[in-house]
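Each chain, letter by letter, is given below.
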Amino acid sequence: MRITDARVIVTCPDRNFVTLKIVTDEGVYGLGDATLNGRELAVAAYLRDHVAPLLIGRDPSRIEDTWQYLYKGAYWRRGPVTMTAVAAVDTALWDILGKVAGLPVYRLLGGRSRAGVTVYGHANGESVDDVLTEVARYVELGYRAVRVQTGVPGLASTYGVSTNKMFYEPADAAIPTENVWSTERYLAHVPSVFARVREEFGPALKLLHDVHHRLTPIEAARLGRSLEPFALTWMEDPVPAESQDGFRLIRQHTTTPIAVGEVFNTVWDCEQLIREQLIDYIRTTVVHAGGISHLRRIFDLAALHHVRSGSHGATDLSPVCMAAALHVDIAIPNFGLQEYMRHTDATDAVFPHGYRYADGYLHPSEEPGLGVDIDEDLAAKYPYRPASLPVNRLEDGTMHSW
Ligand code: CS2
Ligand code: MG
């Protein structure tokens with residue numbers, strides 16, 4: 001079997017997605033998600049101009065060799081654009097392998113380790129009362145884990161709070177929207193939110209919170225400590241993670257578990273965090289961390305050090321990524337949680353898929369391969385729309401992490 005075509009499909013069914021479709025001479029094809037929110041066309045060009053020509057004529061079953069060829073062969077290693085492109089190829093090759101074997105991909109990864117993939121939803125609202133209503137809605141839908149985000153009094157807008165409650169899309173304008181941030185206002189507010197949520201929903205519901213890279217280590221330590229009475233499952237991205245040492249300081253001060261990794265691209269971004277047990281959940285994904293092959297490598301390292309998976313699953317990761325993530329999640333021994341932000345009806349129609357939600361769990365498709373497809377005719381009806389993620393400034397105008 002040989003690869004005869006590798007085409008890049010860019011489509012915007014309510015938001016932008018980049019998909020790689022690898023076709024073989026036997027008619028079997030595979031899909032890989034290549035979406036990098038706000039930088040989509042860089043990955044599309046990388047794949048079209050620099051990767052697709054190298055794939056033609058290759059044996060699609062040589063997944064590991066192809067990964068190494070693209071990683072080592074580029075000379076320029078790592079980085080989100082490169083690793084998202086490598087991920088798309090790797091994911092598509094696993095899809096082909098599953099289809100050829102007649103097995104869902106999770107069975108090629110060692111088979112089922114659990115009944116279903118526990119997911120968390122996003123309860124968000126401007127006020128605490130709004131967010132309580134949203135948490136109740138997720139509990140009603142059967143969710144066992146809920147992420148809680150609210151507006152911060154005195155700030156005009158806050159990440160993670162959206163007008164449409166089931167879908168969240170922060171990339172809202174071609175030229176980035178500017179947000180304003182105050183660490184003082186935020187730190188003063190968040191504990192009171194979790195006090196209310198815990199009081200209302202009791203001890204069993206898993207509660208999560210995303211800090212979105214906005215604090216320094218000592219500020220994050222203070223937040224973690226102030227949230228201890230409310231027993232969070234995790235505090236996410238407490239500090240920007242370029243400095244892995246920063247996490248040691250947080251760790252010294254608080255027992256609130258830490259999750260990080262949605263912007264990581266390789267095992268080298270989290271190797272120290274995992275090896276020194278500075279985190280509890282690693283949130284790398286199929287699409288941004290080199291595909292199923294490399295994600296498995298990261299999770300295997302994590303398993304040695306009591307770190308569990310908690311893969312990113314925001315709306316900007318396509319149903320192709322979600323399908324692939326679920327095959328990994330169901331198979332690995334150290335699964336923790338899977339983020340699940342629903343896609344809109346338009347997105348679901350472009351990407352018909354066999355995974356399904358029931359009672360707080362997602363279940364991977366039992367079809368051979370990943371169990372997800374793309375309707376190319378429908379995709380063509382939704383042309384790319386430029387959309388950037390917001391930027392963030394302190395109240396005095398200083399640029400801050402968004
Ligand atoms: C967030 C994301 O889901 C999360 O945890 O951090 O929504 C993130 O803001 C987006 O994926 C950025 O594209
Ligand atoms: Mg996050």
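Enquirer: Describe in detail the side chain of Asp95, supporting the description with residues and values.
Expert: Of note, Asp95 is situated in helix 3 (residues 80–101). A residue is classified by how much of its surface remains accessible, and Asp95, at 0% relative accessible area, is buried.

Enquirer: Describe the sheet that holds strand 3 (residues 29–33), naming the residues involved and giving the relevant values.
Expert: The 3 strands are arranged 1-2-3 in an open sheet whose pairing can be described as antiparallel. At either end of the open sheet lies a strand with only one pairing partner, and these are strand 1 (3–11) and strand 3. Averaged over all pairs of adjacent strands, the angle between strand axes in this sheet comes to 20°, irrespective of strand direction. Lying on the sheet, helix 1 (residues 40–55) is in contact with strand 1 and strand 2 (17–24); it crosses strand 1 at an angle near 175°.

Enquirer: Break down the packing of aromatic side chains for me, with residues and values.
Expert: A full pass over the atoms with the stated rule returns 10 aromatic pairs. Judged by centre distance (4.8 Å) and plane angle (90°), the ring pair of Tyr138 and Tyr143 falls under edge-to-face. With a centroid separation of 6.2 Å and an interplanar angle of 20°, the aromatic rings of Tyr340 and Tyr357 are classed as stacked. Linking Tyr340 in the loop between strand 12 (338–339) and helix 12 (345–350) with Tyr357 in strand 13 (residues 356–358), this pair joins segments that are 17 residues apart in sequence. Within the aromatic cluster, the residues linked to one another by ring pairs are Tyr138, Tyr143, Tyr340 and Tyr357.

Enquirer: Kindly report on the site of ligand 1, identifying the contributing residues and their values.
Expert: Looking at ligand 1, there are 15 residues lining it, with His212, Glu236, Glu262, Asp316 and Glu339 nearest. Taking Asp210, its side chain carries an N or O atom lying 3.1 Å from an oxygen atom of ligand 1. Between ligand 1 and His212, the relevant distance is 2.8 Å, taken from an oxygen atom to a side-chain nitrogen or oxygen of the residue. Considered on its own, ligand 1 offers 340 Å² of accessible surface; in the complex 95% of this is hidden by protein. Each residue belonging to the shell around ligand 1 can be placed in one class, and the counts come to 4 nonpolar, 4 polar and 7 charged.

Enquirer: Account for the coordination of the magnesium ion (ligand 2), with residues named and values stated.
Expert: Taken together, the protein ligands of the magnesium ion (ligand 2) are Asp210 (OD), Glu236 (OE) and Glu262 (OE), with distances of 1.9 to 2.2 Å. Mapped onto the sequence, the residues coordinating the magnesium ion (ligand 2) show the spacing D-x25-E-x25-E. Of this pair, Glu236 sits in strand 8 (residues 234–236) while Glu262 sits in the loop between strand 9 (258–260) and helix 9 (271–275), and the two are 26 residues apart along the sequence. When sorted by exposure, Glu236 lands in the same class as Glu262, which is buried.

Quick notes on the rules
- Throughout this document, residue positions are counted from 1 along each chain, in the order its sequence is written.
- Note on labels: chains are lettered from A, ligands numbered from 1, in written order.
- Residue-level local features of this predicted model are given only where pLDDT is at least 70; pairs of side-chain atoms are given and counted only at 80 or more, and the full residue set underlies all totals for whole chains, interfaces and linings.
- To get the side-chain values, take all heavy atoms of the structure and skip hydrogens and water.
- The helix and strand labels rest on DSSP assignments: H or I over at least four residues marks a helix, E over at least two residues marks a strand, and numbering proceeds from the N terminus.
- Type-normalised accessible area, obtained with a 1.4 Å probe on protein chains alone, sets the label of each residue: buried when under 20%, exposed when over 50%, and partly exposed for intermediate values.
- Here, a strand pair is defined by DSSP locating no fewer than two bridges between the strands.
- The angle between two axes is taken between their N-to-C directions and runs from 0 to 180 degrees, where each axis is a line fitted to C-alpha atoms and a helix contributes only its stretch in contact.
- Residue contacts are defined here by distance: any two heavy atoms, one from each residue, within 4.5 Å place the two residues in contact.
- Aromatic rings from Phe, Tyr and Trp, with only the six-membered ring used for Trp, were paired whenever their centres fell within 6.5 Å, and each pair was classed as stacked if the ring planes differed by under 30 degrees, edge-to-face if by over 60, and tilted otherwise.
- To be near a molecule or strand, a residue needs just one of its heavy atoms within 4 Å of it.
- The term polar contact refers here to a pair of N or O atoms within 3.5 Å; inside protein, the definition further demands a hydrogen-donor-capable atom paired with an acceptor-capable atom, and it admits residues adjacent in sequence only when both atoms are side-chain atoms.
- Every accessible area reported is derived by Shrake-Rupley at a probe size of 1.4 Å, with residue values counting cover from the shown protein chains alone.
- Each residue is assigned to one of three groups, with Ala, Val, Leu, Ile, Met, Phe, Trp, Tyr, Cys and Pro labelled nonpolar, Asp, Glu, Lys and Arg labelled charged, and all others, Gly among them, labelled polar.
- Metal donors were taken as nitrogen, oxygen and sulfur atoms no farther than 2.8 Å from the ion, or 3.2 Å where the ion is Na, K or Ca. Water is excluded, so coordination may look unfinished.

This is a description of form; function is not addressed.
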